[in-house]
Every structure is written in structure tokens, then in C-alpha cells.
Amino acid sequence: MNDAAQQNDGTQGGDEGSMSRRSVLWTTASVAGAGLGLGALGSSTAAAAIGRGPEAAADLAEAPKRQGRTMVGVPFDRRSTVRVGIVGLGNRGGSMIDLFLAVSGVQVVAVCDPVKAKAQRAAAKVTAAGQPAPAVYTNGEDDYENLCKRGDIDFVYVATPWDFHFQMAKTAMLNGKHVGVECPIALQLDQLWELVDLSERTRRHCMQLENCCYGQNEMRVLRMAHAGLFGDLLHGAGAYNHDLRGLMFDPDYYEGPWRRLWHTRLRGDLYPNHGFGPVANYMDINRGDRAVSITSVGSPSLGLAEYREKNMPAGDPSWKETYIESDRTISLVQTAKGRVIRLEHDVSTPHPYSRINSLGGTKGVFEDYPARIYIEPDHTNDNWGDFSEYQDWDHWLWKEHANPPGGHGGMDYMLVFRLMQCMRLGLVPDFDVYDAATWTSPVPLSHLSIRAKGAPQQIPDFTRGEWKKARSGMDSENPEKA
């Protein structure tokens, strides 16, 4: 797939307006460009701790007192129609609306984007699909709050730049809505804890909509792992290695351009979810095992500056930026059972796309990009096997929807279909706020570890002990054929 097709970043990119957002993001960059990192972004506990040094953030790994009740195993309320509000209608949201409209039993009630043309295009898609015209919210940066206040919305989908994810998820839950957010769900440890606490208090699900968990290969490996074909699991790996240099310097793709500016703020893994989520599912993280620590190292930050030197004209705003993000970040996550997960992030250097997607156990190993497998007793003589021979292990979603619509090879549709199915039938979601917090925690923690020359950082137990109880996750049965 090409760069644009591979994206899952929730951008609201475009050159059609929204000067307020552009102004805010560029103002932030002028501060972060001084190399102050995340500590320059606000006065919250996690931001301040990172600004003072890794040691000051150590206490954030301790679980604060629970304010509500656990959301583990909590089902949605059953409903015949799921009423959806969509916030952010750029590259990601503008395409995902097609998938919500493609699923029966779903109505898009409201859409929101400060760029009126984008909201109008989305509204036109809704009526073209035969649904009533949605309410349209385009009155500035905060109009999403009015969308969240509506009484006729069950689920809010957030596809905006990362800077807004936390506040939008928080606002949705405070207004009684379940919420799903593009990656990452937040960028600071205290924000992750706040979302966990708020989900428990409001009894509303807050989910990281990690589409890669629904990839065909990922779901096949999941079922094989749970059936014991890999034996006792030992190690896994996941990544977001994707050359985004051209897109990050394209002002029409990343508005602001907000994504490149994060390379002036943090040194760690900015986008761990695509790699971490699937491997966490294989290993039943938060469902019998948990991630306990992360150790990260990072290369020098050279790629974006070199690309700018070759491609950007004098006077371009990017020349005011100082990049500190490591071109290649490598992290090792240790689990309570002693397993090891390797995470990688690299969007600043030339290389083919890869999420690595590897899993190994006492009976063999799977590696992706390209997909190949070696398990006993099927394979011998050090020759990789053909993964396509294991199609019988495909998840029921891929058997029921062999040619799904939408991007990323169909995984986006699988995510939307399954989430909406869980809401219609009153099922427990495939993943929850604890998974969202765990999968996103490497963002601040890898930064801290790199600053501390690779010192391990503790990953909080966001479940507060519930991880010790085995429970179901994505390896589900078709509820409509039970």
C-alpha cells in the first residue's frame, strides 16, 4: 500500500481553513522546538514529571485509588440502532464515515469539523446512503462539545490530531457517551489514568480503535496462538516502521503540520499501538498476563533534518523546528510471565513499510512482512512454511466477510463492523480502556527511558489487579450464529 493508504493517524489535514488549529499547533512548536520535550506542553503531573526528569515520574506507575468500579467484562446496553457522532473529518475520519454507513443498524447522527467543506462532504455521504441529514458542527475548535451534549448519540468516534484526543474522549464520557479514539488515545501518563478513572466512574467504554488488531494475519495468528500451535509463548514483536517524510512535510496532508511537530517534543516511540496491540492480544495482556516494564533506546535524530535540507525551500516554517525524536526507537517490554515484546518506531528514514508482527513460542514462530511461519511438526530443515496454508485458522470475521470494503486491506471495516455488532447485541467490547492505556503507555515511558539512557520504566497496572483473571478478548465466536 502507498503512504496515504497505510495511514491510521486521525489527521484533519487540508488547506481549506481552520486557521485557529494551525495557529495553536505552530505556537506549541515554537516552544517545543527549544528541545524542552513533553514538559513544555502543560502543567499536568505527567508533563511536569517528564520535564523534571525520569525519576520524578516514577510514582505515576503506582495505581491511584479506584474511584468507580472496574469496566472489565462490562457489556454495552443492547440497542437496535447505534447512533454515531463523528469528530474529525480529514483523511481518516473522512474515509471511516463510509464504513460506519456500510454497516447495517448504524446511523450517523452528527458530524463535526472546523473546516466546513469537510463537514459538508461528510453530511452529503450520509444522505447519499439514505439516512437523514446529520447535524453539522463547524463552529470552531470546541464545537465538538455541543455534539457530545446531544441526547441522541450512543457512540462518539474521534479522528482528530493527537493533541485533541484526550480532551475529546474525556468530554464524550462526561456527557454519557461511549467513545472510540484513533491512535494514540492520549500522550501523558496522568491522562491515561484519568481516562481509566473516568470510564469506571461514568460506566462508559473508552476504546483505542486499533485497526491492526483486526488484520487478517493478526487474527489468524491470534487463534493459532490461543489453540497452542506455537506452544508456550516466549516473545513477540511489533512496529510502526513507515517512511512518512514526504507526508510530514506536506502541509495539505498533516494540517499544521501537527504530526511533524511531535518530532520536536518527544524522543520515544510516538506510535506504539499498531505493533503493541496485536502482540498484546496474542499474549493475553490484561487477561492473564500484563506488561510490567519497558526499556527503550533511540538513534540520533537526523532523518527529518536531512529531508528538509534536500526538499524544503528557504523560508519554509519547518526551518524553525529542531527535531529531537529518535529516527529509530527500539523498546523491550517485559511481561509478568517473563515474556518479551520488542517494539520499533521509525517514520523518518527510507525503508519499506513493516509492522514486523512476530510471535514465537516453544513450538515455533511466525514473522510478517512477508508472512512466513515455522512450527513443529509441520516444518523442518530450517525452511519457512507458507502461511497461506493456515487459512482454516482465520477468525470468523474474515470468513464471514471475505472481501470487506474500505482501506488497510479490510481491517478498518472489521473494526467498525465488530464494534457496532457488540453495541447492537449488548456484548462486552473486544478491548477496553485498560488496553487503550496499556498500548499507549510506551509513548511517555519510552521517552523517559531514552532520557535515562535506557533505564527501565514501570508500566502501570491500569487494571488494578484485574489482569490476573483470565477473560475473553478478540478471539470471539460469531454471536449471531450461536
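Residues numbered from 1 in each chain as written. Predicted model: local features only at pLDDT ≥ 70, side-chain atom pairs only at ≥ 80, totals over all residues. Heavy atoms only, no water.

As annotated in an unreviewed UniProt entry, the protein chain carries the name Glycosyl hydrolase family 109 protein and comes from Streptomyces atratus. Here the protein chain is described in UniProt, under the heading Sequence similarities (unreviewed entry), as follows: "Belongs to the Gfo/Idh/MocA family. Glycosyl hydrolase 109 subfamily." As its UniProt record puts it under Cofactor (unreviewed entry), the protein chain is described as follows: "NAD(+)". (UniProt positions renumbered as here; feature names shortened; annotations may be inferred.)

Caption draft 1: Here's a closer look at the pairing of strand E4 (residues 155–158). Side chains of E4 alternate between two faces, with Phe155 and Tyr157 and Val156 and Val158 buried alike. Of the pairings in the sheet, the one linking strand E1 (residues 82–87) to E4 comprises four bridges and is parallel in character. Across the sheet, the residue bridging to Ile86 is Tyr157, located in E4. Looking at chain direction, E4 and strand E5 (residues 178–181) are connected through four bridges and run parallel. Within E5, the residue paired with Phe155 across the bridge is His178. (Buried < 20%, exposed > 50% of the residue type's maximum accessible area, 1.4 Å probe, protein only. Helix = DSSP H or I, 4+ residues; strand = E, 2+ residues; numbered from the N terminus. Pairing = 2+ DSSP bridges.)

Caption draft 2: Spotlight on unusual backbone geometry. Tyr369 connects to Pro370 through a cis peptide bond whose omega is 0°. Along the chain, the position of Pro370 falls in the loop between strand E12 (364–367) and strand E13 (372–375). Here the residue pair Glu376 and Pro377 is connected by a cis peptide bond, since its omega of 5° sits within 30 degrees of zero. As for its position among the elements, Pro377 is in the loop between E13 and helix H14 (396–400). Despite not being glycine, Asp382 has its phi angle at roughly 60°, a positive value. The topology assignment puts Asp382 in the loop between E13 and H14. Although it is not a glycine, Arg464 sits at a positive phi angle of roughly 55°. Take Arg464: it is sitting in the segment after strand E14 (457–458). The class for Arg464 is buried, based on a relative accessible area of 17%.

Caption draft 3: The arrangement of the nonpolar core in detail. One finds Phe100, Phe155, Tyr214, Phe230 and Met420 to be the most contacted residues of the largest nonpolar core, which totals 106 residues. In terms of residues, this core owes the most to one element, helix H15 (residues 411–425), which gives ten residues. Split by domain, the residues of this core number at least three in each of domain 1 (82–208) and domain 2 (212–395 + 431–468). Those residues in contact with Tyr214 that sit more than four places away from it in its chain are Met219, Leu397, Trp398, Met411, Met414, Leu415, Arg418, Asp430, Phe431 and Met474. The next biggest cluster of nonpolar side chains, apart from the first, holds 22 residues, and it includes Tyr253, Tyr254, Tyr271 and Met312. (Core = buried A, V, L, I, M, F, W, Y, C linked by side-chain atoms within 4.5 Å. Domains from an automatic or database assignment. Contact = heavy atoms within 4.5 Å.)

Caption draft 4: Structural context of helix H4 (residues 93–102). Burial analysis of H4 places seven of its ten residues in the buried class, the great majority of the element. Three or more residues of H4 are buried, namely Gly93, Gly94, Met96, Ile97, Leu99, Phe100 and Leu101.

Caption draft 5: A look at the packing of H4 against helix H5 (residues 116–128). For the pair H4 and H5, interaxial distance at closest approach is 10 Å and the crossing angle is 15°. With respect to H5, the axis of H4 lies roughly parallel. As for the relative orientation of H4 and H5, their crossing is right-handed in sense. Of the residues in H5, those touching H4 at Gly94, Ile97, Asp98 and Leu101 are Ala122, Lys125 and Val126. Residue composition of the contact of H4 with H5, by class: four nonpolar, one polar and two charged. (Axes fitted to C-alpha atoms, helices over the stretch in contact; angles between N-to-C directions. Parallel < 35°, antiparallel > 145°, perpendicular 65-115°, else oblique. Left-handed = near helix turned anticlockwise from the far one by under 90°. Nonpolar A, V, L, I, M, F, W, Y, C, P; charged D, E, K, R; others polar.)

Caption draft 6: Expanded view of the sheet that holds E4. Taken in spatial order, the six strands make up an open sheet running E3-E2-E1-E4-E5-E6, and their pairing is parallel. Only two strands of the sheet have a single neighbouring strand rather than two, namely strand E3 (135–137) and strand E6 (206–208). Here the average twist between neighbouring strands, direction ignored, is 25°. Relative to strand E2 (residues 106–112), E1 runs parallel, the two being bridged by six bridges. From the neighbouring strand, Val84 faces E2, where its bridge partner is Val108. Lying over the sheet, helix H7 (residues 165–174) contacts E1, E4, E5 and E6, oriented at roughly 165° with respect to E5.

Caption draft 7: Expanded view of the pairing of E2. Burial analysis of E2 places six of its seven residues in the buried class, which makes it a mostly covered element. For the crossover that starts at E1, traverses H4 and ends in the parallel E2, the hand is right-handed. Where E2 lies against E3, three bridges are found, and the strand directions are parallel. The residue of E3 that forms the bridge with Val111 is Val136. As for the winding sense of the linkage, the β-α-β connection from E2 through H5 to E3 is right-handed. (Right-handed = clockwise from strand over helix to strand, strands pointing away.)

Caption draft 8: Structural detail: the pattern of salt bridges. Inspection of every chain in the model, using the stated rule, returns 27 salt bridges. Among the salt bridges present, the one from Arg79 reaches Asp154, with a minimum N-O distance of 3.6 Å. Of this pair, Arg79 sits in the loop between helix H3 (45–52) and E1 while Asp154 sits in the loop between helix H6 (144–148) and E4, and the two are 75 residues apart along the sequence. Assessed through its relative accessible area of 17%, Arg79 is described here as buried. One salt bridge connects Asp432 with Arg471, and the closest N-O pair in it is separated by 3.2 Å. One end of the pair, Asp432, is in the loop between H15 and helix H16 (433–440); the other, Arg471, is in the segment after E14, with 39 residues separating them in the sequence. In terms of burial, Asp432 and Arg471 fall into one category: buried. (Salt bridge = Lys/Arg side-chain N within 4 Å of Asp/Glu carboxyl O.)

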